[in-house]
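Listed below, chain by chain, are the residues.
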Amino acid sequence: MSDVLELVEARLRMALGEPDARAAVTFLGTDRIEVLRFEGNGVIRYATLGMSAQPMADPTVVLADPLRGPRAELLLSVRGGRADTDKVLRPLAVLAASPQVEGLIVAPGAALDVGEPLWPGAPFTSVLVAASGGLVEDLELDEPMEPVRFLPLLPMTPNEAAWKRVHGADALEARWLQHGTDLRDPLRKGVPLDD
């Protein structure tokens, strides 16, 4: 499936330019996951590369289909110069490996938790998975393979994550919008949740 990853990397370069850094992480029993770093206009973008090599499969299925099933890569955008966000590489790789390791199907509206700050001093330990199609267009693959979706990750504070579990992803996104929340601010405070 290396040809899929070549197409994915080409799509990322087309949308975001040349990466200025990349790191690779391999977890026992999983394929290698790379994280590419792109910088421009004061924003640093991190993109996973490797999650889409195989389709995500329902963990209850005895034999996973090697071609059919959703495919995705993860994108995280933060404002540069405010925090040591390059330490997010390993947590991002952990999230990208979760379909292989835990049998998760990562889809918009899902919350993913790494159990520790995303980077030193970060007020976030989890992310909300947003819908694809914005920053990087979906990548169509030959039938019967599903397109690769580039899913933005929106960091959540623990209180926001708890509130999202009760009220849902749409309600949290509406609250962020209502309060003009800068979701790229790596040091932002949690949105007010009690009004």
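Higher on the page you've got the structure.
Residues numbered from 1 in each chain as written. Predicted model: local features only at pLDDT ≥ 70, side-chain atom pairs only at ≥ 80, totals over all residues. Heavy atoms only, no water.

A. Up close: the layout of surface pockets. As a volume, the largest pocket reaches approximately 270 Å³. For the largest pocket, the lining is made up of 16 residues, of which S77, P152, L153, L154 and R184 are closest to its centre. Going through the elements one at a time, β4 (71-79) and β7 (148-156) are the ones with two or more residues in the lining of the largest pocket. When residues in the lining of the largest pocket are grouped by element, the largest group, 4 residues, is from β7. Looking at the lining of the largest pocket, its residues break down into 10 nonpolar, 3 polar and 3 charged. For the second largest pocket, the lining is made up of 15 residues, of which Q54, P55, M56, A57 and P99 are closest to its centre. Among the residues making up the lining of the second largest pocket, the classes are represented as 10 nonpolar, 3 polar and 2 charged. (1 Å grid on protein atoms, 1.4 Å probe; cavity = no way out; pocket = protein on both sides within 12 Å on 5 of 7 lines; lining within 4 Å. Points joined across faces, edges and corners; volume = space filled by probe spheres on them. Helix = DSSP H or I, 4+ residues; strand = E, 2+ residues; numbered from the N terminus. Nonpolar A, V, L, I, M, F, W, Y, C, P; charged D, E, K, R; others polar.)

B. Molecular detail of the pattern of salt bridges. Enumeration according to the criterion identifies 14 salt bridges in this entry. With its nearest N and O atoms 2.9 Å apart, the salt bridge here joins R22 to E9. Here the residue R22 occupies a position in strand β1 (residues 21-25), and E9 occupies one in helix α1 (residues 2-16), the gap between them amounting to 13 residues. The closest approach of N and O atoms between R22 and E34, which form a salt bridge, is 2.9 Å. Within this pair, whereas R22 is found in strand β1, its partner E34 is found in strand β2 (residues 33-40), the two being separated by 12 residues in sequence. By relative accessible area, which is 14% here, E34 ends up buried. The network of salt bridges with common partners includes E9, R13, E18, R22, R32 and E34. (Salt bridge = Lys/Arg side-chain N within 4 Å of Asp/Glu carboxyl O. Buried < 20%, exposed > 50% of the residue type's maximum accessible area, 1.4 Å probe, protein only.)

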